Amino acid sequence: MVKNRVIITSMKTITETNIPSPCWLLDEKALRKNLKILKQIKDESGAKILLALKGFALWKSFDIIRETLDGCCASGLNEAKLAHEEFQKELHTYSPAFKESEIDTIASISHHLVFNSPDQFHRFYKRVKEINPDISLGLRVNPEYSQAPKEIYNPCGLYSRLGTTLENFDPSILQACDGLHFHALCEQDCDALEGVLENFEAKFGGLIKKLKWVNFGGGHHITRAGYDREKLIALIKDFKKRYNNIEVYLEPGEAVAWQCGDLHTTVLDIVHNGIDIAIIDSSAEAHMPDTIIMPYRADVEGADEANKKQYTYRLAGNTCLAGDIMGDYSFDEKLQIGDTIIFKDQMHYTMVKATTFNGINLPAIAIKREDGSIEVLKTFGYEEFKGRLS
Ligand SMILES: *Cc1c(COP(=O)(O)O)cnc(C)c1O
């Protein structure tokens with residue numbers, strides 16, 4: 001929490017105290033720190049690493065990410081176009097189901113295309129190869145093993161539609177298939193990957209020697225403190241050794257933008273109903289939906305859990321949804337209207353999911369450069385709210 005911000009409009013330099021509110025502020029230094037870790041994984045393991053746009057797609061930061069990562073993985077036409085226009089290295093597109101009306105464009109700009117089912121593979125592969133003879137085709141398989149912490153994030157759960165099970169595998173695709181893809185992790189360490197790999201190999205290992213690549217998906221929490229990077233490197237090296245130095249891809253989203261920036265918001269009002277409630281100019285529902293879906297509690301700068309410090313407040317969003325609540329937090333000092341509340345680690349799965357629900361403004365997007373200067377990249381207003389309705 002930062003005490004009453006004074007906005008001096010004539011001031012030319014933008015600092016953290018006069019950025020728009022709400023605002024996502026990417027920290028370039030922290031992003032580069034993550035990329036350095038990912039580079040080490042690449043260099044020592046020989047794997048290629050892609051950015052999963054599903055988790056993080058702040059494309060004005062792609063100049064920085066492109067220096068290290070090998071490309072992007074996209075989940076469909078729009079993400080593929082963004083990667084093609086703004087990232088430009090390798091583009092791997094996987095979708096749970098491709099559409100007739102979109103497959104031609106996707107085929108023309110992608111380097112890898114991963115189908116979810118043998119049926120989709122058969123339906124589209126000839127057409128895709130005709131449009132782009134150099135494209136490398138693959139199939140997402142379901143290793144039917146995951147330690148994902150929640151069912152909503154478990155691609156190998158009961159009745160999952162994501163990936164082909166061994167039972168549904170159709171060997172006739174193999175004549176045109178260069179690789180297999182699995183994605184079975186969510187914010188997980190290497191031990192979980194080891195378990196997935198064992199199951200993947202037990203089911204599909206017999207096919208791998210004939211392939212050009214295997215994609216280990218995302219969910220690797222590589223940049224988190226305590227993640228066993230040496231073990232990841234060893235697992236990949238061992239896998240490559242056993243399969244003729246086959247190309248291995250990782251496609252993390254969260255790990256790229258992990259702890260790379262915050263959401264800056266402002267206290268608008270403080271109301272009392274059994275407890276003290278601070279209403280801020282943001283929304284858990286619209287701007288940080290994983291706090292409700294996961295659910296989890298974002299850290300707030302200078303704050304602790306409820307009742308640990310002297311003054312406890314419920315921080316709540318400025319929408320009419322009763323459950324639009326970020327959580328209960330305690331502070332050393334009383335909150336005042338105009339105070340800044342900073343939610344930590346709000347780069348991944350936030351701006352890609354944000355909505356204008358209830359007409360609430362999307363947070364501005366800004367970047368703090370390595371020298372400390374701040375560039376406001378984009379602000380949003382009524383036009384964005386109106387423009388996505390009709
Ligand atoms: C979500 C997803 C990713 C990225 O997952 P993170 O948890 O953000 O690393 C990668 N690949 C696929 C297929 C995904 O669905």
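Every value quoted in this text rests on a predicted model; they were computed, and no experiment measured them. (Residues numbered from 1 in each chain as written. Predicted model: local features only at pLDDT ≥ 70, side-chain atom pairs only at ≥ 80, totals over all residues. Heavy atoms only, no water.)

A. Representation of the domain arrangement of the chain within the structure. By domain assignment, the chain separates into domain 1 (28-257) and domain 2 (261-346 + 361-387). A separation of 33 Å is found between the C-alpha centroids of domain 1 and domain 2. With 11 residues of domain 1 at the contact, the number on the domain 2 side is 11 residues. Together domain 1 and domain 2 conceal approximately 1,000 Å² of surface at their shared face, both sides included; 55% is due to carbon and sulfur atoms. Looking at the side of domain 1 facing domain 2, the largest losses of area belong to Glu28, Lys60 and Tyr153, adding up to 46% of the total buried there. Where domain 1 meets domain 2, there are 2 salt bridges. The residue Glu28 makes a salt bridge to Arg369 at a minimum N-O spacing of 3.1 Å. In this structure, the connection of domain 1 to domain 2 is made through 6 residue pairs in polar contact (both at pLDDT 80 or more). For the side of domain 1 that touches domain 2, the residue count by class is 5 nonpolar, no polar and 6 charged. (Domains from an automatic or database assignment. Contact = heavy atoms within 4.5 Å. Buried area = accessible area lost by both parts, 1.4 Å probe. Salt bridge = Lys/Arg side-chain N within 4 Å of Asp/Glu carboxyl O. Polar contact = N/O pair within 3.5 Å; in protein donor to acceptor, adjacent residues only side chain to side chain. Nonpolar A, V, L, I, M, F, W, Y, C, P; charged D, E, K, R; others polar.)

B. View of the layout of surface pockets. By volume, the second largest pocket is sized at about 560 Å³. If you trace the second largest pocket, you find 19 residues lining it, with Ala57, Trp59, Met351, Ile365 and Phe380 closest to the centre. Counted by class, the lining of the second largest pocket contains 13 nonpolar, 2 polar and 4 charged residues. Taken domain by domain, the makeup of the lining of the second largest pocket includes at least three residues from each of domain 1 (28-257) and domain 2 (261-346 + 361-387). (1 Å grid on protein atoms, 1.4 Å probe; cavity = no way out; pocket = protein on both sides within 12 Å on 5 of 7 lines; lining within 4 Å. Points joined across faces, edges and corners; volume = space filled by probe spheres on them.)

C. The arrangement of the packing of helix H6 (residues 190-208) against helix H7 (residues 229-242) in detail. Across the interface, H6 lies against H7 with an axial gap of 11 Å and an inter-helix angle of 10°. Taken together, H6 and H7 sit at an angle that is classed as roughly parallel. Residues Cys190, Asp191, Leu193, Glu194, Leu197, Phe200, Glu201 and Ile208 of H6 pack against Lys231, Leu232, Leu235, Phe239 and Arg242 of H7. Across the contact of H6 with H7, the residue classes break down as 8 nonpolar, no polar and 5 charged. (Axes fitted to C-alpha atoms, helices over the stretch in contact; angles between N-to-C directions. Helix = DSSP H or I, 4+ residues; strand = E, 2+ residues; numbered from the N terminus. Parallel < 35°, antiparallel > 145°, perpendicular 65-115°, else oblique.)

D. Geometry of the packing of helix H1 (residues 28-45) against H7. Running from N to C, H1 and H7 point in directions that differ by 30°, and their axes come no closer than 9 Å. For H1 against H7, the interelement crossing comes out right-handed. When H1 is examined against H7, the residues Ile37, Gln40, Ile41, Glu44 and Ser45 are found in contact with a partner set consisting of Arg229, Glu230, Leu232, Ile233, Ile236, Lys237 and Lys240. Residue composition of the contact of H1 with H7, by class: 5 nonpolar, 2 polar and 5 charged. (Left-handed = near helix turned anticlockwise from the far one by under 90°.)

E. Layout of the packing of aromatic side chains. Overall, the coordinates contain 13 aromatic pairs when judged by the stated rule. Ring geometry for Phe182 versus Phe200: centroids 4.8 Å apart, planes at 50°, classification tilted. Of this pair, Phe182 sits in the loop between strand S7 (179-181) and H6 while Phe200 sits in helix H6, and the two are 18 residues apart along the sequence. In this structure Phe182 comes out as buried when scored by relative accessible area, which is 0%. Taking relative accessible area as the criterion, Phe200 reaches 0% and is therefore assigned buried. Aromatic rings pair up to connect Phe169, Phe182, Phe200, Phe204, Phe216, Phe239 and Tyr243 into one cluster. Above the plane of the ring of Phe87 lies Arg66, whose end atom (NZ or CZ) is 5.9 Å from the centre. Over the ring of Tyr329 we find Arg297, and its NZ or CZ is 3.9 Å from the ring centre. (Phe/Tyr/Trp six-rings, centres within 6.5 Å; stacked < 30°, edge-to-face > 60°. Buried < 20%, exposed > 50% of the residue type's maximum accessible area, 1.4 Å probe, protein only. Lys NZ or Arg CZ within 6 Å of the ring centre and 35° of its normal.)

F. Up close: the side chain of Ser110. Inspection of the secondary structure assignment puts Ser110 in the loop between helix H4 (100-109) and strand S5 (112-115). Of the polar contacts made by the side chain of Ser110, one reaches the backbone oxygen of Ile106; its length is 2.8 Å. For Ser110, the contacting residues outside a window of four places in its chain are Leu91, Thr93, Asn132 and Ile135.

G. Seen up close, the pairing of strand S4 (residues 90-94). Among the 5 residues in S4, 5 count as buried, and that is most of the element. Where strand S3 (residues 71-74) and S4 come together, 4 bridges link them in parallel fashion. Bridging across to S4, Cys72 finds its partner in Leu91. Read from S3 through helix H3 (residues 77-87) to S4, the crossover connection turns out right-handed. (Pairing = 2+ DSSP bridges. Right-handed = clockwise from strand over helix to strand, strands pointing away.)

H. Quick peek at the site of the ligand. Taken together, Ala52, Lys54, Arg140, His181, His183, Gly218, Gly219, Glu251, Pro252, Gly253, Glu254 and Tyr349 make up the full set of residues near the ligand. For the ligand, a nitrogen atom lies 2.8 Å from a polar atom in the side chain of Glu251. At 2.9 Å from an oxygen atom of the ligand is found a main-chain nitrogen or oxygen belonging to Gly253. Split into classes, the residues belonging to the shell around the ligand amount to 3 nonpolar, 5 polar and 4 charged. (Near = heavy atom within 4 Å.)

I. Focus on the nonpolar core. Core analysis: the biggest nonpolar cluster contains 100 residues, and Ile65, Phe115, Phe200, Phe216, Phe239, Leu315 and Phe343 have the highest contact counts within it. Ranked by residues supplied to this core, first place goes to H6 with 8 residues. Residue assignment places this core across two domains, with domain 1 (28-257) and domain 2 (261-346 + 361-387) each supplying three or more. When sequence neighbours within four positions are dropped, the list of residues in contact with Phe200 reads Val141, Pro143, Leu180, Phe182, Gly205, Ile208, Val214 and Phe239. Grouped together as the second largest cluster of nonpolar side chains are 8 residues, Ala52, Val114, Leu162 and Tyr249 included. (Core = buried A, V, L, I, M, F, W, Y, C linked by side-chain atoms within 4.5 Å.)

J. Molecular detail of the sheet that holds S4. Pairing within the closed barrel is parallel, and its 8 strands lie in the order S2-S3-S4-S5-S6-S7-S8-S9. Strand after strand, the sheet turns through a mean of 25° between neighbouring axes, direction not considered. One ladder, built from 2 bridges, connects strand S2 (residues 48-52) with strand S9 (residues 247-250); its direction is parallel. Counterpart to Ile49 in the pairing with S9 is Leu250. Sheet strands in contact with H3 are S2, S3 and S4, and its direction is about 165° off that of S3.

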